[in-house]
Amino acid sequence: MGQQSTGQLDTVMQESRVFPPTAEASARARIKSMAEYQKLWDEAAADPAGFWAKLAKEELHWFEPFTQALKWNEPHAEWFVDGKTNASYNCLDKHVAEGRGDRVALIWEGEPGEKRQYTYAELLREVSKFANVLKSLGTQQGDVVSIYMPLTPELVIAMLACARIGAIHSVIFAGFSSEAIADRNNDAKAKIQITADAGYRRGTVLALKQTVDAALAKSPTVEKCIVFSRVNEAVHMQEGRDFWWHKLMAEASDDCPATPLDSEATLFILYTSGSTGKPKGIRHTTAGYNLFAKKTFEWVFDWQENDVYWCTADCGWVTGHTYVTYGPLSAGATVLLYEGAPNYPHEGRFWELIERYHVTLFYTAPTAIRAFMKWGDHHVEKYDLSSLRVLGTVGEGINPEAWMWYHRKIGAERCPIVDTWWQTETGGIMMSPLPGATPTKPGSCTMPLPGVIPQIVDSTGAEVDATHGGWLTIAHPWPGMLRGIWGDEERYKEVYWEKVPGKYLAGDNARRDADGYYWIMGRIDDVLNVSGHRLSTIEIESALVSHPSVAEAAAVGRPDPLKGEAVAVFVTLRGAEPSEELRKELIKHVRNQIGALAQPDDVRFTGTLPKTRSGKIMRRLLRDIAAGKETVGDTTTLEDYSVLAQLRTEDE
Ligand code: ATP
Ligand code: MG
């Protein structure tokens, strides 16, 4: 944005379809109408601290009550001051104490097909035992525990065991390299490492301990390493440093009361996806995060007691923290965990699982939905998906074309879709439809949740005519907000609080339409400026994806002497071959859909797009390629390095 542009494009995003919630969805929902939503939102906005304080008293267990809802000393927030609670207690003991111990907490299926299940009472015992294991190896309150594990119940057990004794977990997705682990371990000063011998991915065995060994050689702060035997692989065990999970667990007591922790005790550190640069170690604390995770889970998925909930994210991402672990478990939900890939041993694997476990609430990412579309509808049609009730998406904007496919093919036109906008930093969902209340529009995350106050501003911090779009900020602190970047106070201030004083700067551009609906337009850094007009990446991409031959698209700006920036697009195809004719057709298609200004100057066909391991398109890398430059930024979170080389050769 920087300077005000000379003109705005009013015609962007022509989406006008609206899908009201079904009468059935509204009848059973917690929040049944827009009037109810609006009342709750207004009440929260009038006194956010009071609103959250009331919920905190009702929803969390307090060893000691808090004395003040919010202490705000910009940019530092303290929520529920002087209170003592414990996230592991709220996820486990609370349910057992209140008579829900026999309810199923976790259902797990491994990639090769093993099945396991834990009730809340069983999970509490396992977590207590592992908390004692951590203590027996010298783990103390405030120590950082680095976790690099496949998606097994043991990963959740490890996280909750840390929370139980006040140790800080730093989960690293079990696909990252030894350098990425070592970087994060050193940044966080991790003391304990937890890993597994190996994991499964698409039928192959992925060595994990071996990668960790290489990382630990460069992680001087790590003293001990616990190894879970997932695959039964022979691994190197270093005497005095490495210990088998099962051996320690066999000797551990299952009695380990949860430590009463200060509301602001750090619960975890989690590194961001690295879409825009070097990952940041985001710090979240106990009470506020826990409350925000629980309430947003209940509101957004309209969770009810007999639901079977499945979020396909790995615990290596924030979605796996808030909506696999802390949110649903604090609510007392039954959570499905699946270890493997969506296309192993076949492309219908997810739908098979939904049928088998009668999943009612399903939460996944747009990148997965685009892959399902590409693989073909016949994989879906074989399975009974009638148990489904609510569908969610997270991670990127969802192209309306993909939204419609999700709505028709997976939701049978009856399941509300919740497009949830949030970030590692926000701790939980900030904007989303509510299944029983909000009429949805494909591609819009609709409206803020109660207690969340977004504002669209220009670079001076002044509110702008939001229909044209601007910087998305949050005007009041909320309980789930990050408390800092681990070890980098300056970067925390600079990235989120300095450009627009007094408000949290999300780093995304957004606009609000005449109905008050929010549309995320892409990252601030990614917005294109063509002859003084700001164009949103997602809108150009959505126009391309609406063409029947296009599977995925990424739009970036390329320096242009005349226009400032020219539009370059990278396109992957489905059921079509690259051709000059198709290139021309796509240019025309975007022109028809959006307007002449958005018409791509450069269309490049490619087999794949560079993505983070969490599945987000890394436009900054494509920007370098479009400009013919070498990549200088951090690429440690890139999913597949060969993609860059391939794109460069295609370039020549
Ligand atoms: P980094 O901050 O390191 O560049 P990242 O921003 O990708 O990485 P995350 O915290 O995982 O790390 O992602 C948050 C971002 O994902 C948001 O800022 C937004 O750009 C995008 N996003 C998430 N959900 C949505 C959504 N529903 N619609 C549009 N964009 C979304
Ligand atoms: Mg980010």
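Residues numbered from 1 in each chain as written. Chains lettered and ligands numbered in written order. Predicted model: local features only at pLDDT ≥ 70, side-chain atom pairs only at ≥ 80, totals over all residues. Heavy atoms only, no water.

The number of helices and strands found in the protein chain is 20 helices and 30 strands. In summary, the protein chain has a C-alpha radius of gyration of 24 Å against a globular reference of 26 Å for 652 residues, a match within 12%. Taking the principal axes of the C-alpha coordinates as reference, the protein chain spans close to 70 × 55 × 50 Å. The buried share of the protein chain, reckoned over its 652 residues, is 63%. Relative to all contacts within the protein chain whose residues are 6 or more apart in sequence, the contacts with residues 24 or more apart total 71%. Of the roughly 23100 Å² that the protein chain leaves accessible, carbon and sulfur atoms contribute 48%. Averaging the locations of the 69 positively and 86 negatively charged side chains of the protein chain gives two centres separated by 1 Å. (Helix = DSSP H or I, 4+ residues; strand = E, 2+ residues; numbered from the N terminus. Rg over C-alpha atoms; globule rule 2.2 N^0.38 Å. Buried < 20%, exposed > 50% of the residue type's maximum accessible area, 1.4 Å probe, protein only. Contact = heavy atoms within 4.5 Å. Areas by Shrake-Rupley, 256 points an atom, 1.4 Å probe, with all protein chains shown as cover. Lys, Arg positive; Asp, Glu negative; His and termini not counted. Charge placed at Lys NZ, Arg CZ, Asp CG, Glu CD.)

This paragraph deals with the pattern of salt bridges. For the coordinates displayed, the defined rule picks out 45 salt bridges. Of the charged contacts in the structure, one is a salt bridge between glutamate 98 and lysine 94, with a shortest N-O distance of 3.5 Å. Where lysine 493 meets glutamate 489, a salt bridge forms, and the shortest distance between an N and an O atom there is 3.8 Å. Residue lysine 493 and its partner glutamate 489 are both found in helix 16 (residues 489-498); the two are separated by four residues, about one turn of the helix. What makes glutamate 489 partly exposed here is its relative accessible area of 34%. (Salt bridge = Lys/Arg side-chain N within 4 Å of Asp/Glu carboxyl O.)

With that settled, consider the site of ligand 1. Near ligand 1 you find 20 residues, and of these Thr272, Ser275, Thr276, Thr424 and Arg523 are the closest. Serine 275 places a side-chain nitrogen or oxygen 2.4 Å from an oxygen atom of ligand 1. Within the side chain of arginine 523, an N or O atom sits 2.6 Å from an oxygen atom of ligand 1. For ligand 1, the protein covers 93% of the area, taking 630 Å² as the surface of the free molecule. Each residue belonging to the shell around ligand 1 can be placed in one class, and the counts come to three nonpolar, ten polar and seven charged. (Near = heavy atom within 4 Å. Polar contact = N/O pair within 3.5 Å; in protein donor to acceptor, adjacent residues only side chain to side chain. Nonpolar A, V, L, I, M, F, W, Y, C, P; charged D, E, K, R; others polar.)

This brings us to the sheet that holds strand 25 (residues 518-523). In spatial order, the strands read 21-22-24-25; together these four strands make up an open sheet with antiparallel pairing. Of all the strands in the sheet, the pair left with one neighbour each is strand 21 (454-457) and strand 25. Between one strand and the next, the sheet's axes are offset by a mean angle of 45°, whatever the strand orientation. When strand 22 (residues 470-474) meets strand 24 (residues 504-512), the two strands line up antiparallel, connected through four bridges. Residue threonine 473 lies in a different strand from strand 24, and its bridge partner there is leucine 505. Set on the sheet, helix 17 (residues 537-545) makes contact with strand 24 and strand 25; between it and strand 25 the angle comes to about 100°. (Pairing = 2+ DSSP bridges. Axes fitted to C-alpha atoms, helices over the stretch in contact; angles between N-to-C directions.)

Attention now moves to the packing of helix 5 (residues 120-136) against helix 6 (residues 153-165). A pair of packed helices can be characterised by two numbers: the angle between their axes and the separation between those axes. As a packed pair, helix 5 and helix 6 sit with axes 8 Å apart at the nearest point and diverge in direction by 65°. As the angle between them shows, helix 5 and helix 6 are arranged roughly perpendicular. Helix-helix and strand crossings are classified by hand; for helix 5 and helix 6 the assignment is right-handed. Here helix 5 contributes Leu123, Leu124, Glu126, Val127, Ser128, Phe130, Ala131, Leu134 and Lys135 to the contact with helix 6, which in turn contributes Ile157, Ala158, Leu160, Ala161, Cys162, Arg164 and Ile165. For the contact of helix 5 with helix 6, the class distribution of residues is twelve nonpolar, one polar and three charged. (Parallel < 35°, antiparallel > 145°, perpendicular 65-115°, else oblique. Left-handed = near helix turned anticlockwise from the far one by under 90°.)

For an α-helix the count is 3.6 residues per turn, leaving residues at separations of three or four pointing the same way. With seven of eight residues buried, helix 19 (residues 619-626) lies mostly within the body of the structure. When helix 19 is considered as a whole, its buried residues turn out to be Arg619, Arg620, Leu621, Leu622, Asp624, Ile625 and Ala626. With its phi angle positive at about 70°, glycine 628 sits one or two positions after the end of helix 19.

For the rest of this paragraph, the subject is the state of the cysteines. Under the criterion given, the structure shown has zero disulfides. Just so you know, cysteine 315 is unpaired, no disulfide at all, and the nearest cysteine sulfur is the one on cysteine 311, 8.5 Å from it. Cysteine 315 gets classed as buried once you look at its relative accessible area, which sits at 0%. Free of any disulfide, cysteine 415 has its nearest neighbouring cysteine sulfur in cysteine 311, separated by 17 Å. Assessed through its relative accessible area of 2%, cysteine 415 is described here as buried. (Disulfide = S-S within 2.5 Å.)

Moving on to the sheet that holds strand 18 (residues 361-364). Paired through backbone hydrogen bonds, the strands of a sheet run either parallel or antiparallel to each other. If you walk across this open sheet you meet the seven strands as 5-4-17-16-18-19-20, and the pairing is mixed. Looking at strand neighbours, the two that pair on one side only are strand 5 (115-119) and strand 20 (417-419), the edges of this open sheet. For this sheet, the mean inter-axis angle between neighbouring strands, taken without regard to orientation, is 15°. Of the pairings in the sheet, the one linking strand 4 (residues 104-109) to strand 17 (residues 334-338) comprises four bridges and is parallel in character. Residue pairing across strands places isoleucine 107 opposite leucine 336, the latter belonging to strand 17. Contacts from helix 6 reach strand 4, strand 5 and strand 17 within the one sheet, and its direction differs from that of strand 5 by about 30°. On top of the sheet, helix 12 (residues 349-357) reaches strand 4, strand 5, strand 16 (308-311), strand 17 and strand 18; it is set at about 140° to strand 4, its chief contact.

Here we take up the side chain of serine 432. Along the chain, serine 432 falls in the loop between strand 20 and strand 21. Contacts of serine 432, omitting those with residues within four sequence positions, involve Val300, Val418, Asp419, Thr420, Cys445, Thr446, Met447 and Leu449.

Considering all chains together, one arrives at 42 aromatic pairs under this definition. Taking the centre distance of 6.1 Å and the plane angle of 70° together, the rings of tryptophan 62 and phenylalanine 80 count as edge-to-face. Here the residue tryptophan 62 occupies a position in the loop between helix 3 (48-59) and strand 1 (68-73), and phenylalanine 80 occupies one in strand 2 (residues 76-81), the gap between them amounting to 18 residues. Per residue, the accessibility class of tryptophan 62 equals that of phenylalanine 80, and both read buried. (Phe/Tyr/Trp six-rings, centres within 6.5 Å; stacked < 30°, edge-to-face > 60°.)

Attention now goes to the environment of tryptophan 41. If you trace the backbone, tryptophan 41 turns up in helix 2 (residues 34-46). The exposure class of tryptophan 41 is buried, given its relative accessible area of 18%. C-alpha of tryptophan 41 to C-alpha of glycine 451: the two residues are 410 residues apart in sequence and 6.4 Å apart in space.

Take the UniProt feature "binding site: Mg(2+)" (unreviewed entry) in the protein chain next. Within this structure's numbering, the places UniProt gives as "binding site: Mg(2+)" (unreviewed entry) are Val545, His547 and Val550. Mapping histidine 547 onto the fold places it in the loop between helix 17 and strand 28 (550-560). Valine 550 has contacts with Leu544, Val545, Val571, Thr572, Arg574 and Leu586, leaving out every residue within four places of it along the chain. (UniProt positions renumbered as here; feature names shortened; annotations may be inferred.)

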